[in-house]
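Examination of the molecular architecture
Here's the letter readout for the chains.
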Amino acid sequence: MADDTLCGIRVPRIGLLWMAVSAWGYATASLFARLASANATSWQVVFTRCVLQWCFAVGYQKLYHPDVDLWGPPEVRKSLVLRGGFGVGGLSCFYYAITVLPLSDATVLMFTSPVWTCIIAWVILGEKIGLPEFASLVISVAGICFIAKPTFLFPKPRDAMSLDADSEGESEKTLGLLVGVLGSVFAACAYVTIRFVGGGVHFITQVHAFAVGGLLLSPIVVMVFEGQPLLSDSISWGWQLLCGVMGFLAQCFMSRGLQLEKAGPASLMRNVDVLFAFVYQAIFINSRDITVLSMIGAACIICSAAIIPLSKANKTPTSPPPTSVDTPEMTRKQQLP
């Protein structure tokens, strides 16, 4: 099956479609992680997700692609190590940020990764930033800000700010902001690394690299820095298991999408995650957060996600018209009386 086909049907820019599907998976996994965090640390959720992801990756490889080396070709293994480290670092920073910051602030900080991705891809991969990518970038960032409503753009009343300061602490907030920004940089580095490795490595190898990185790093951080064993109640374990399943599916679609699409446009399509998170917020968490600004932000995200595929479709070359160049057969026919 060709890279741009789905069930035998040609789908232009199918890499962007896989990135949108991965955005839905990540949003769902984040919802489960948020529910699990009531009785589990952020690194514990990362560890559980990576355990399941490793099991799924190995099982998928054994059943469907036994000829694929999960560790990858020797020439790209260093890049796969970086991919695993950056991916786990970005996810862990995001899960930590949502525990010490308002969810809106943590979300908008994490989804500044397209900015870093475009810059890093331009520097390392030499990918150009065209007008459609730049316009989509600006609109998507604006939409994220409208939906997330970060306090540094939409200040709260003085009384609300004082209550937040008393409950969370200014130093903890500052650390959360720094970790959130660091997580977005890690995520951007992971996107560029996947693109750098390219389509020569099966996407399940990329997923396996992420899982191994989490398996190695998470227990160390939990035991050394958090001082807590990997224990939680049955309900929390259930949410963590669901988070791991959705995380695996999202990783598969994201890895494949990044192999088929440029790093900058692909990471911009990941902003659809915020739109799904907006829907989950309205349905499962607090519908009172649906405001005019949120609706404007949702419209911005939809428009930004449509700009790139529409602009690329308009540039798709059409079949060239027949030329007047004579073929040998035509020449022979013309020479007949």
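Structure: above.
Residues numbered from 1 in each chain as written. Predicted model: local features only at pLDDT ≥ 70, side-chain atom pairs only at ≥ 80, totals over all residues. Heavy atoms only, no water.

**Quick word on the overall build of the protein**
Per the secondary structure count, the protein includes 14 helices and two strands. Within the protein, the proportion of its 337 residues that are buried is 46%. Pairs at least 24 residues apart make up 86% of the contacts formed inside the protein by residues separated by at least 6 positions. (Helix = DSSP H or I, 4+ residues; strand = E, 2+ residues; numbered from the N terminus. Buried < 20%, exposed > 50% of the residue type's maximum accessible area, 1.4 Å probe, protein only. Contact = heavy atoms within 4.5 Å.)

**Quick word on empty space enclosed by the protein**
Under the criterion given, the structure shown has two cavities of 30 Å³ or more. By volume, the second largest cavity amounts to about 40 Å³. Considering the residues around the second largest cavity, the lining is formed by A33, S37, S42, V45, Y95, I98 and T99. Taken together, the elements giving at least two residues each to the lining of the second largest cavity come down to α2 (42–64) and α3 (77–100). With three residues, the top contributor of residues to the lining of the second largest cavity is α3. The residue makeup of the lining of the second largest cavity, split by class, is four nonpolar, three polar and no charged. (1 Å grid on protein atoms, 1.4 Å probe; cavity = no way out; pocket = protein on both sides within 12 Å on 5 of 7 lines; lining within 4 Å. Points joined across faces, edges and corners; volume = space filled by probe spheres on them. Nonpolar A, V, L, I, M, F, W, Y, C, P; charged D, E, K, R; others polar.)

**Notes on helix α12 (residues 272–285)**
Helical periodicity: at 3.6 residues per turn, an α-helix aligns residues three or four positions apart in one direction. In this model α12 runs 19 Å from its N-terminal to its C-terminal C-alpha over 14 residues, within 8% of the 20 Å that 1.5 Å per residue would give. Where α12 is concerned, the buried positions are V272, D273, V274, L275, F278, Y280, Q281 and A282. (Expected span 1.5 Å × (residues − 1).)

**Some details on a nonpolar patch on the surface**
The grouping of V115, W116, I119, W122, V123, I124, I129, L131, F134, V138, V181 and F196 at the surface amounts to a nonpolar patch, some 1200 Å² of accessible area in total. Mapping F134 onto the fold places it in helix α6 (residues 131–148). (Patch = residues over 30% accessible without salt bridge, like charges linked within 9 Å, V, L, I, M, F, W, Y side chains within 5 Å. Areas by Shrake-Rupley, 256 points an atom, 1.4 Å probe, with all protein chains shown as cover. Salt bridge = Lys/Arg side-chain N within 4 Å of Asp/Glu carboxyl O.)

**Here's the deal with the side chain of S218**
Of note, S218 is situated in helix α9 (residues 203–226). Relative accessible area serves as the criterion here: at 0%, S218 is assigned to the buried category. Within the structure, the side chain of S218 is placed 2.8 Å from the backbone oxygen of G214, a separation counted as a polar contact. (Polar contact = N/O pair within 3.5 Å; in protein donor to acceptor, adjacent residues only side chain to side chain.)

**Structural notes on the pattern of salt bridges**
Counted by the stated rule, this structure contains one salt bridge. Between D69 and R77 there is a salt bridge, with its nearest N and O atoms 3.1 Å apart. Classification of D69 by relative accessible area gives partly exposed; the value is 37%.

**Brief notes about the packing of aromatic side chains**
If you walk through the whole model with that rule in mind, you get six aromatic pairs. Geometrically, the ring pair formed by F32 and W239 is stacked, given 5.7 Å between the ring centres and 20° between the ring planes. One end of the pair, F32, is in helix α1 (residues 14–36); the other, W239, is in helix α10 (residues 234–260), with 207 residues separating them in the sequence. For the pair F56 and F248, a centre-to-centre distance of 5.2 Å together with 45° between the ring planes defines the contact as tilted. Here F56 is found in helix α2, whereas its partner F248 is found in helix α10, with 192 residues between them in sequence. (Phe/Tyr/Trp six-rings, centres within 6.5 Å; stacked < 30°, edge-to-face > 60°.)

**Section: the packing of α1 against α10**
As a packed pair, α1 and α10 sit with axes 7 Å apart at the nearest point and diverge in direction by 160°. Judged by the inter-axis angle, α1 sits roughly antiparallel to α10. As for the relative orientation of α1 and α10, their crossing is left-handed in sense. Tallied by class, residues from the contact of α1 with α10 come to 20 nonpolar, nine polar and one charged. (Axes fitted to C-alpha atoms, helices over the stretch in contact; angles between N-to-C directions. Parallel < 35°, antiparallel > 145°, perpendicular 65-115°, else oblique. Left-handed = near helix turned anticlockwise from the far one by under 90°.)

**Considerations on the nonpolar core**
Counting 35 residues, the largest nonpolar core has V45, V46, Y95, L101, I144 and C243 as the members making the most contacts within it. If one sorts the elements of this core by residue count, α3 sits on top with seven residues. Discounting residues that sit within four places of it in the chain, I144 has contacts with V108, F111, K149, N271, V274 and I301. Of all hydrophobic cores here, the second largest spans 12 residues; its members include L16, Y191, A250 and L258. (Core = buried A, V, L, I, M, F, W, Y, C linked by side-chain atoms within 4.5 Å.)

**Here's the deal with the packing of α2 against α3**
With their axes 8 Å apart at the nearest point, α2 and α3 run at an angle of 140° to one another. As the angle between them shows, α2 and α3 are arranged oblique. As for the relative orientation of α2 and α3, their crossing is right-handed in sense. Contacts from S42, W43, V45, V46 and R49 of α2 reach α3 at V88, L91, S92, Y95 and Y96.

**Structural notes on the environment of G89**
With respect to the secondary-structure elements, G89 resides in helix α3. Judged by relative accessible area, G89 falls into the buried class, the value being 13%. Each C-alpha atom of the pair G89 and S184 lies 9.4 Å from the other, and the pair is 95 residues apart in sequence.

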